[in-house]
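Chains, contacts and geometry: an overview
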Amino acid sequence: MATRYFGQSIKRTEDLRLTTGRGRYTDDIAVGTGTLEAAYVRSPHAHARIIDIDVADAIDVPGVVAIYTWEDLVGAAAEPLPVLIPHPALHAPRTGYPLARDEVHHAGEAIVMVVAQNRYLAEDAAAKIRVDYQPLPAVVGLDAARAAQHAVHADVPDNVAARLVQTVGDLDAGFAAAPHTLELNLEIERSCSMPLEGKAVHARWDADDQSLRVYSSTQASTSVRAAIAAKLGLPLGKVEVIAPDVGGGFGAKIVHPWPEEITVPFAAVRLGRPVKWTEDRREHFVSSAHERGQQHHIRVGFDDAGRILALDVQFWHDNGAYTPYGIICPIVTSTQLLGPYKPGAYRVTFESLYTTTVIVTPYRGAGRPQGVFAMERTMDAIAARLGLDRTVVRAANFIQPDEFPFDQGLIFQDGRPLIYDSGNYPDQLIMLKELIGWDAFDDERRRARDEGRLLGIGLGCYVEGTGPGPYEGAHVQVQTDGSVEVAIGLTSQGQGHQTVFAQIAADELGVPIEKVRVTTGDTRRFGYAVGTFASRAAVMSGSAVALAARAAKAKALRVAADILEVDASDLDIVDGVVAVKGSPSSAIPLGQVAVLSNPLRYAFDEAAKAATQFAKPADPDKPPVAEDDEPGLEGKDYYSPPRSTFASGMHAAVVEIDPDTSEIAIRRYAVVHDCGNMINPMIVEGQVHGGVAQGIAGALYERMAYDEDGQLVNASFMDFLMPYVTEIPQAQLGQLILGHQETPSPLNPLGIKGAGEAGVIPVSAVLASAVEDAVGVPITAMPLDPSTLFELRRGRSADSSSPPTRPDAEGVSR
Amino acid sequence: MTRGEAPTGEQQHRVRLTVNGRAAAATVVARRTLSDFLRHDLGLTGTHVGCEHGVCGACTVLLDGEPVRSCLLFAVSVAGREVTTVEGLTPSTATADPDTLSAVQRAFRECHALQCGFCTPGFLTTITAGLRENPHPSADDAVQMIAGNLCRCTGYQNIVAAVLRAAELSDADEPPVPEPAEGGA
């Protein structure tokens, strides 16, 4: 191979399909073939006891095929949904049922399933179902949850699902030695993944074969399969789950089984007909998952240089109505809060609390944005207190490049020690300062102020544990025509897995990339996988594909060595041909090796003749397939790392605040990003772009507006302010600047780290820092809209006792 | 358009229209949205439904050459008219050969302007119409051209780049989709 595909911005193979309308998303499967469609009656109350369900009027709606309530569910399907990630600190886990049993705990919870000839008719019937409720008190927001005047679950009177403390170092000694201390109270509101395609499930029961095929818009098809098999009492071998094209996930689709992933297959089996359900936008708002809502109290002790000697963080995490995904988000917050820093001592305590709202499970970043917000707000506060440049305070606390591997002394979300594998934070900061123009900013600010414009600059740093285990696997098969089939169990939601894993396989096998086809998330092709989350696909499946391709290559060389009567170590594969190094005339195409690797009795095609028993003389004393070998030119392997690898990055922004209206505009946004070796820089940059946009969305626009009764009052795209292009700084307009750093991971064969979530993580911290810098008012809560900022600034001018954090901000001196 | 009654008792209408240059027809109820009609009755699943309330733009198709939200229109209300979906942007309908893609489609691939691809059909149709109106957009024009469509994956960075690139590619191309009808419809 003249050049390696690894590291090149190869155009995506997915795009031919997706730009021509030939994608296959779950709702596209088998259209026009009479698939029944489901609609659900969902609770209008945040908290209520179900007294009675009357379906009499609905049964008469023409086209209705079946109506199910919890009473119709049988066996394990009637039991509570699983607690997917149990943890010793999660002392009171609670989950719902596929259809609500006696009580609902958030508005939007599914109670009745209607199956009809089409969705229109199913919704007609659902509207005619009368449910009698006894409303119970709603518990909305962390203040209400902590006050515990009312309980979300009667048997959890304090609303506390989990409590966890981790300590490293001597906190008391740290505070005792610290010449300065300060305290902060911070808050971040809810947002959510909000993929453009909501959830969707399509199930077909084959009564002759007694087998079930399910298509689901999921991030974890193998585990959905296991859950369906368990819940419906089917042998695993009789259930196949396929994640077809998936229209974005961002975390919401890692949760499983969603109630509909049980009830749709249940109905398909019960009715013996294909059934599907496609989530509409309102359903996605009120019955999928949210994230981010946390309150933090921070106490920090530091020296004159800004070095943190002791850091004591207490936070409260709103987990919504149930805890199907355990306490992953708050664990991530509590550990990743430390970022690139090494405080002298650290204690973190969190409580995860129930509220009568939609469940909280990972959304891109998964608890990190909140942790980084806490840490970076603390860094800014220290700088303000000491009158130091904010970058100086951060640099004083960095882990140094010669300190890796660096053990933070905590247990991470994968149950493994929080040990950073590699990185170079001081260099990253230098790169960032250059990209954003940090050192020249004071002049820029002054010039702008002379024009009556209000500018501010801010930054934020993060470290992200990526590529957690336990494992991923891959299967690589060379076909007799020389093409290569790669299968992984892990799914794709738009990250270009078909392309990047083809790059890796093509490099390892020495074949042109056009010869490689990749199948993802199809349990028929690969049954063992964990899922696409935690920025783990490239690290885990990428490594597995490399290992599996190496195994296939080793076999190809072994088989070819026999044929060519040379030593395998003298062979290599170039452009799909196995040849003696330096002697290209002694060669055999890889496809021919595949033919000969499978000794045949029957010549089913022309090529196969060469592998039949009379085709060539063979050693009569040796079996055609050696004892520890198997037929076919294949490789299968798994990658299972000892622990996560740690990507990192730093962002900075220049913002302009309208002096009159407090409107916030991002003038420049700079990103420095390190995800180790990049397989495809174009795709990595795309991931960063999307992450930054979601970060800006969460910092300035998106919130889940619950009223005190637990109604989500902005559950549509009219009211939930998902940014359009006009809200996001654009590279084409010179507003977004990207820089890459590559510190390879020593933990995996390709030296890669994850990139999926990175872009979103520090954005709230960065923008809070920049806005605070511009206006001189402490920013302690996100998202921040112009009205809130307007009130904050007005409060500041009315109350002169509240000190500005920057002496020269808005021209106000301390 | 002819009328009948569905087994459900709901009145049925025979809707005939032109889709991607070909005559198409199906019998549907009056409340069948154009997006559902295209997807479920005609099997043209390239048009995606992202919100069903006209905000996200994923369902955008061209009606007599002008972009419209197909989730906000009823199929019966566009009987007799000409609809272009993402499937109709490719000159050749045979296979997804990179050489047969339209300039906008090629630009999307070149610029990595799509990730999950769900919003993509709406952007492709919108930009196809936008470039016809303004064949040489500035970067600011490109931003305005796509300012009514939501994308959750790309931060719009490479979509803006693709608008500019498509304009370059179009200079050497003939747009394959129908021109807007004279005097509207």
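Residues numbered from 1 in each chain as written. Chains lettered and ligands numbered in written order. Predicted model: local features only at pLDDT ≥ 70, side-chain atom pairs only at ≥ 80, totals over all residues.

A closer look at the overall build of chain B
- Of regular secondary structure, chain B possesses five helices and six strands.
- Counting helices and strands in the order they occur from the N terminus, chain B gives β-β-β-α-β-β-β-α-α-α-α.
- When each of the 185 residues of chain B is scored for burial, the buried share is 56%.
- Long-range pairs, those at least 24 residues apart, make up 58% of the contacts in chain B between residues at least 6 apart in sequence. (Helix = DSSP H or I, 4+ residues; strand = E, 2+ residues; numbered from the N terminus. Buried ≥ 20, exposed ≤ 12 C-beta atoms within 10 Å, placed from the backbone. Contact = placed C-beta atoms within 7 Å.)

A few points about the overall build of chain A
- Along chain A, the regular secondary structure elements total 19 helices and 29 strands.
- Each of the three principal axes of chain A carries a C-alpha extent, and together these read 100 × 75 × 50 Å.
- Within chain A, the fraction of its 814 residues that count as buried is 58%.
- Once local pairs closer than 6 in sequence are excluded, the contacts in chain A between residues at least 24 apart make up 81%.

Digging into the pairing of strand β21 (residues 516–520) of chain A
All names here are of chain A.
- Going residue by residue along β21, you find Val516, Val518 and Thr520 tucked away on one face and Arg517 and Thr519 left uncovered on the opposite face.
- Relative to β21, strand β20 (residues 484–488) is paired through five bridges, and the arrangement is parallel. Its bridge partner lying in β21, Ile488 is registered against Thr520.
- The parallel pair β20 and β21 is bridged by helix α14 (residues 497–509), and the resulting crossover is right-handed. (Pairing = 2+ DSSP bridges. Right-handed = clockwise from strand over helix to strand, strands pointing away.)

Examining the packing of helix α10 (residues 368–386) of chain A against helix α11 (residues 390–397) of chain A
Residue and element names in this part refer to chain A.
- One can describe the packing of α10 onto α11 by two numbers: an axis separation of 8 Å at closest approach and a directional angle of 115°. Considering the relative orientation of α10 and α11, their crossing is right-handed. Of α11, the residues touching α10 (which contributes Met379, Asp380, Ile382 and Ala383) are Arg390, Val393 and Arg394.
- Across the contact of α10 with α11, the residue classes break down as four nonpolar, no polar and three charged. (Axes fitted to C-alpha atoms, helices over the stretch in contact; angles between N-to-C directions. Left-handed = near helix turned anticlockwise from the far one by under 90°. Nonpolar A, V, L, I, M, F, W, Y, C, P; charged D, E, K, R; others polar.)

Quick word on the interface of chain A and chain B
- Taken residue by residue, the interface counts 53 residues in chain A and 54 residues in chain B.
- For the side of chain A that touches chain B, the leading source of residues is helix α17 (residues 681–701) of chain A, giving seven residues.
- Split into classes, the residues belonging to the side of chain A that touches chain B amount to 24 nonpolar, 18 polar and 11 charged.

Structural notes on the sheet that holds strand β26 (residues 645–657) of chain A
All names here are of chain A.
- Pairing in this open sheet of four strands is mixed, and the strands run β18-β26-β27-β28 from one edge to the other. In the strand order of this sheet, the two ends are held by β18 (454–466) and β28 (736–741), each with one partner. Here the strands of the sheet are splayed against their neighbours by 15° on average, with no regard to which way each runs.
- Across 13 bridges, the pairing between β18 and β26 is antiparallel. Bridge pairing in β26 places Tyr462 opposite Gly649.
- Helix α12 (residues 425–436) contacts β18, β26, β27 (664–674) and β28 of the sheet and is inclined by roughly 145° relative to β27.

Quick look at the packing of helix α9 (residues 328–336) of chain A against α10(A)
Residues and elements named next belong to chain A.
- α10 packs onto α9 with a crossing angle of 30° between their chain directions and a minimal axis gap of 8 Å. On the basis of the axis angle, α9 is roughly parallel to α10. The handedness of the crossing between α9 and α10 comes out as right-handed. Contacts from Val332, Thr333 and Gln336 in α9 reach Arg368, Gln370 and Gly371 in α10.
- Per-class residue counts for the contact of α9 with α10 are one nonpolar, four polar and one charged. (Parallel < 35°, antiparallel > 145°, perpendicular 65-115°, else oblique.)

Brief notes about the domain arrangement of chain A
Residue and element names in this part refer to chain A.
- Parsing chain A into structural domains produces domain 1 (15–136 + 193–287), domain 2 (325–341 + 368–467 + 643–811) and domain 3 (472–639).
- Relative to domain 3, the C-alpha centre of domain 1 lies at a distance of 39 Å.
- On the side of domain 3, 15 residues touch domain 1, which itself brings 17 residues to the contact.
- Taken together, the elements giving at least two residues each to the side of domain 1 that touches domain 3 come down to α6 (221–232) and β11 (239–242).
- Per element, the largest residue contribution to the side of domain 1 that touches domain 3 is four residues, and it comes from α6.
- For the side of domain 1 that touches domain 3, the class distribution of residues is six nonpolar, eight polar and three charged. (Domains from an automatic or database assignment.)

Looking at the confidence of the model for chain B
All names here are of chain B.
- Per-residue confidence for chain B gives a mean pLDDT of 90, with 85% of residues at or over 70.
- Taken together, the stretch residues 179–185 has pLDDT below 50 and engages in eight contacts with residues farther than four places along the chain or on a different chain.
- At the level of chain-chain contacts, confidence expressed as ipTM amounts to 0.95, with global pTM at 0.95. (pLDDT = per-residue confidence, 0-100.)

So, the sheet that holds strand β25 (residues 634–639) of chain A
All names here are of chain A.
- A sheet is described by the order of its strands in space; here four strands give the open sequence β21-β20-β19-β25, paired in mixed fashion. Since the sheet does not close on itself, it has two edges, and those belong to β21 and β25, each with one partner. For this sheet, the mean inter-axis angle between neighbouring strands, taken without regard to orientation, is 15°.
- Along the sheet face, α14 touches β19 (472–478), β20 and β21 and points at about 135° away from the line of β21.
- Contacting β19, β20 and β25, helix α15 (residues 537–564) runs over the sheet at an angle of about 145° to β25.

Structural notes on the environment of Ser535(A)
- As for its position among the elements, Ser535(A) is in the loop between β21 and α15.
- Beyond its immediate chain neighbours, meaning those up to four positions away, Ser535(A) contacts Glu464(A), Thr466(A), Gly467(A), Ala647(A), Gly754(A), Ala755(A), Gly756(A), Glu757(A) and Ala758(A).

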